[in-house]
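Each chain is listed here by its residues.
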Amino acid sequence: QVVVDCAAKGFETLKGKLGTGASLKCVGHLVESPGGKQKVELLVKDGDEIQLFGGVEASDYPLSKKAHTNEYLRSIAHLRPRSNLIGCVARVRAALCQATHEFFRSKGFVYVHTPLITAADCEGAGEMFQVTTLLNDFEKNGLPKDAAGKVDYSKDFFGKPAYLTVSGQLAVEP
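Residue numbering note: each chain is counted from 1, following its sequence as written. Residue-level local features of this predicted model are given only where pLDDT is at least 70; pairs of side-chain atoms are given and counted only at 80 or more, and the full residue set underlies all totals for whole chains, interfaces and linings. Hydrogens are left out, water is left out, and the side-chain values use all remaining heavy atoms of the structure.

Undergrad: I would appreciate a short explanation of the sheet that holds strand β4 (residues 40-44) in the present structure.
TA: In a beta sheet, neighbouring strands are held together by backbone hydrogen bonds and run either parallel or antiparallel to one another. Ordered by their spatial adjacency, 3 strands build an open sheet running β1-β4-β3, and the pairing between neighbours is mixed. The outermost strands of the open sheet, each flanked by one partner alone, are β1 (2-4) and β3 (29-32). Going across the sheet, the axis of each strand differs from the next one's by a mean of 35 degrees, ignoring polarity. One ladder, built from 4 bridges, connects β3 with β4; its direction is antiparallel. Looking at β4, one finds that Leu30 is bridged to Leu42. At least two DSSP bridges between two strands are required for those strands to pair. Labels follow the DSSP assignment, with helices taken as runs of H or I lasting at least four residues and strands as runs of E lasting at least two, numbered in each case from the N terminus. Angular values range over 0 to 180 degrees, each being the angle between N-to-C directions of two axes fitted as lines to C-alpha atoms, with helices fitted over their stretch in contact.

Undergrad: Which parts of the structure should I look at to understand the packing of aromatic side chains?
TA: Two aromatic rings, taken as a pair, are described by how far apart their centres are and by the angle between their planes. The aromatic pairing rule takes the rings of Phe, Tyr and Trp, using the six-membered ring of Trp, and pairs them if the centres are within 6.5 Å, calling planes under 30 degrees apart stacked, those over 60 edge-to-face and the rest tilted. The tally for this structure, following the rule as stated, stands at 3 aromatic pairs. An angle of 85 degrees between the planes, with centres 4.9 Å apart, marks the rings of Phe157 and Phe158 as edge-to-face. Note on exposure labels: buried denotes an accessible area under 20% of the residue type's maximum, exposed denotes more than 50%, and partly exposed covers the range between, all computed with a 1.4 Å probe on protein chains only. Under the relative-accessibility criterion, Phe158 is labelled partly exposed at 35%.

Undergrad: Quick question: what am I supposed to make of the side chain of Asp156 here?
TA: Along the chain, the position of Asp156 falls in the loop between α3 (138-141) and β8 (162-164). Of the buried charged residues, Asp156 lacks a salt bridge, with Lys160 as the closest side chain of opposite charge at 11 Å. In this structure the side chain of Asp156 is engaged in a polar contact, spanning 2.6 Å, whose partner is the side chain of Thr133. Whether two residues touch is decided by their heavy atoms; if any such pair falls within 4.5 Å, the residues are in contact. Beyond its immediate sequence surroundings of up to four residues, Asp156 is in contact with Val131, Thr132, Thr133 and Leu134. The charge count includes Lys and Arg as positive and Asp and Glu as negative, but it does not include His or the ends of the chains. Salt bridges, as used here, are contacts in which a Lys or Arg side-chain nitrogen is within 4 Å of a carboxyl oxygen on Asp or Glu. Pairs of N or O atoms within 3.5 Å make up the polar contacts considered here, provided that, within protein, one atom can donate a hydrogen while the other can accept it, and that residues adjacent in sequence are counted only when both atoms are side-chain atoms.

Undergrad: Explanation requested: the environment of Val151 in the structure shown.
TA: In this structure, Val151 sits in the loop between α3 and β8. A relative accessible area of 24% means that Val151 is categorised as partly exposed. Residues Val151 and Pro161, spaced 10 residues apart in sequence, show a C-alpha to C-alpha distance of 9.5 Å. Excluding residues within four positions of it along the chain, Val151 makes contact with Leu134, Leu143, Pro144, Lys145 and Asp146.

Undergrad: Just to check I follow, could you spell out the pairing of β4 for this structure?
TA: In summary, the side chains of a regular strand alternate between the two faces of the sheet. Summarising the sheet, β1 and β4 pair through 3 bridges and their orientation is parallel. If you follow Val3 over to β4, its bridge partner there is Leu43.

Undergrad: Is there a simple way to explain helix α2 (residues 84-106) in this structure?
TA: Along an α-helix, a turn takes 3.6 residues, which lines up residues three or four apart on a common side. Between its first and last C-alpha, α2 extends 33 Å over 23 residues, near the 33 Å set by a 1.5 Å rise per residue. Immediately downstream of α2, the backbone of Gly108 shows phi near 90 degrees, a positive value. Expected span of a helix: the number of residues minus one, times 1.5 Å.

Undergrad: Teacher, can you tell me more about a nonpolar patch on the surface here?
TA: To count toward a patch, a residue needs a relative accessible area above 30% and no salt bridge. Like charges then connect within 9 Å, nonpolar side chains (Val, Leu, Ile, Met, Phe, Trp, Tyr) within 5 Å. The Shrake-Rupley method, run with a 1.4 Å probe sphere, supplies the accessible areas, and residue values consider only the shown protein chains as cover. Where nonpolar side chains cluster on the molecular surface, the patch consists of Leu116, Ile117, Phe129, Phe157, Phe158 and Leu164 and spans about 600 Å² of accessible area. For Phe129, the location among the structural elements is in the loop between β6 (117-118) and β7 (130-131).

Undergrad: What is the right way to read the sheet that holds β7 from this model?
TA: Across the sheet, 3 strands lie side by side as β6-β8-β7; this open sheet has antiparallel pairing. Both edges of this open sheet fall to β6 and β7, since each of them pairs with a single strand only.

Undergrad: Sorry, what's going on with the side chain of Ser33 here?
TA: Residue placement: Ser33 occurs in the loop between β3 and β4. Setting aside chain neighbours within four positions, we find Ser33 in contact with Gln38, Lys39, Val40 and Glu41.

Undergrad: Mind showing me how you'd approach the environment of Lys37 here?
TA: Relative to the helices and strands, Lys37 resides in the loop between β3 and β4. Taking the C-alpha atoms as reference, Lys37 lies 9.8 Å from Gln1; in sequence the two are 36 residues apart.

Undergrad: Explain the pattern of salt bridges to me, please; I cannot follow it from the model alone.
TA: Applying the stated criterion to the full structure yields 3 salt bridges. For Arg105, the salt bridge goes to Glu102, with nearest N and O atoms at 2.8 Å. Separated by 3 residues within a single helix, Arg105 and Glu102 lie in helix α2, roughly one turn from each other. Overall, the relative accessible area of 49% leaves Arg105 in the partly exposed class. Judged by its relative accessible area of 41%, Glu102 is partly exposed.

This is the structure in structure tokens:
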């Protein structure tokens, strides 16, 4: 929560422009909150600054306080995390992931991020999941070919054929 004193620099520019979805820059001091809902709040007072980057008209903001259907939330994917449903799911998922990681860490396991894109065609997945940037210019220029008439992957982003891996185990096996 931000509490703004009317003597703060920029306060006069806020009138009638603040609402759900507004973007602000607040420079102030963290203080103990006198209310019971949070421990601290940001106090912006004389000598501090508040700046409005962008306001949102309440009638234009697609998320209201009421409940929304999953179909509607899919149509505004960039705002879904702000909805109650998706926010709750994200918090539960984060807690479950943290508990899982803590359990395995306490047993001596190490969490490893295996590669998602690899030059190894694991278990035949390359036939279905090749990753390439060569198709971006395909319609204009066609695929680049080498002297043998094969696709020239040296012109591709990775410099060689690359695939989405379906076998992360290869990254950690001795």
